[in-house]
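Descriptive analysis of the structure
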Amino acid sequence: MITGGSGFLGRALSKSFLADGHQVWALSRAPHKARVPQGVQVVFWDGKTAQGWGHLVNEMDVIVNLAGKSLSSWPWTKATKKEFWDSRINSGQAVAEAIRNATHRPRVLVQSSGINHYGLRGDLADESTPPAGDFLARLTMKWEASTRSVEDTGVRRVITRSAVVLAKDDGLFPLMSLPVRLFVGGPLGSGKQIMPWIHLADEIGAIRFLIENENARGAFNLIAPESTSSVEFMRGLGKVLHRPYWFPTPAFLLRIVLGEMSVLVLEGRAAQPKRLTEFGYRFQFSGLNEALADLFPS
């Protein structure tokens with residue numbers, strides 16, 4: 001069962017499960033509009049309670065909680081930030097409630113989170129690094145805490161703190177690549193900030209790896225092992241798209257246009273996938289150039 005199953009990550013994960021012969025259920029607040037792969041069974045939920053779908057948990061081996069309003073939603077008004085908060089916390093608490101009330105519980109719950117947990121920093125964070133105190137870090141803390149109670153029932157819980165997922169036509173990546181496509185690519189702000197990323201294939205691969213590894217519990221950073229600056233990222237993107245890298249965008253202008261949302265591109269989230277590699281996961285795309293070459297083959 002996947003909450004947020006109609007989002008781009010949920011769809012990709014569903015395809016992976018279906019390809020291996022699994023049955024997949026997706027929870028959606030608008031089942032008739034849900035974009036899901038053929039074969040996925042879509043069930044209505046209100047995103048706040050277990051009403052109407054909670055009984056299905058008795059049939060599930062795995063639950064993946066991806067529900068949450070996208071951070072790419074612009075502008076970040078007070079109301080939008082409340083939606084970021086409510087869509088994550090309420091859905092997590094609903095999932096936890098359904099699991100606690102089940103007579104046959106899933107063997108594992110995957111709880112989504114973000115690399116923003118560590119905030120702006122100069123060193124490479126690992127899973128033992130304390131959380132930061134900014135809005136995005138507090139959001140991840142509450143998101144992770146929303147399903148913590150399932151551990152008391154004996155259900156194994158894995159937390160995936162994901163970097164920006166690189167997918168050609170989905171997620172934040174198309175928005176990030178837009179300036180380059182429009183021939184105005186260049187450094188964003190100073191360009192020295194770390195650009196945290198992970199290829200979609202590794203995001204899905206890592207989630208599947210952690211589901212299947214019975215010893216995997218707690219937080220795991222889902223981020224490529226090769227640290228990449230914003231300058232390196234934008235220059236590499238310009239190269240594979242055959243676009244120039246020449247037009248710097250000042251930090252103050254990004255703050256004016258994007259408001260508080262500018263932290264997503266101006267503040268580096270430096271982290272490493274320490275526990276993931278210690279558990280033996282092998283990245284398909286550990287470096288930026290190979291990742292971009294796969295997304296944009298010549």
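Residues numbered from 1 in each chain as written. Predicted model: local features only at pLDDT ≥ 70, side-chain atom pairs only at ≥ 80, totals over all residues. Heavy atoms only, no water.

Residue alternation in strand β2 (residues 25-28) divides its side chains into two sets, Trp 25 and Leu 27 and Ala 26 and Ser 28, and both sets are buried. Looking at chain direction, strand β1 (residues 2-3) and β2 are connected through 2 bridges and run parallel. Bridged to Ile 2 within β2 is Ala 26. Handedness of the crossover is the feature at issue here: the chain leaves β1, passes through helix α1 (residues 8-19), returns alongside β2, and the resulting connection is right-handed. In this structure, β2 lies alongside strand β3 (residues 41-44), joined through 4 bridges in parallel fashion. The residue bridging Ser 28 from the neighbouring strand is Phe 44, located in β3. (Buried < 20%, exposed > 50% of the residue type's maximum accessible area, 1.4 Å probe, protein only. Helix = DSSP H or I, 4+ residues; strand = E, 2+ residues; numbered from the N terminus. Pairing = 2+ DSSP bridges. Right-handed = clockwise from strand over helix to strand, strands pointing away.)

The next thing to look at is the nonpolar core. Residues Ile 2, Leu 13, Val 64, Leu 210, Ile 211, Leu 222 and Leu 276 are the most contacted members of the largest nonpolar core, which totals 27 residues. Here this core takes 5 residues from helix α5 (residues 200-212), the largest share from any one element. Other than its neighbours up to four places away in sequence, Leu 276 contacts Glu 127, Ala 206, Phe 209, Leu 210, Phe 220, Asn 221, Leu 222, Tyr 281 and Phe 283. With 22 residues, the next largest nonpolar core counts Val 180, Trp 197, Val 240 and Ala 291 among its residues. (Core = buried A, V, L, I, M, F, W, Y, C linked by side-chain atoms within 4.5 Å. Contact = heavy atoms within 4.5 Å.)

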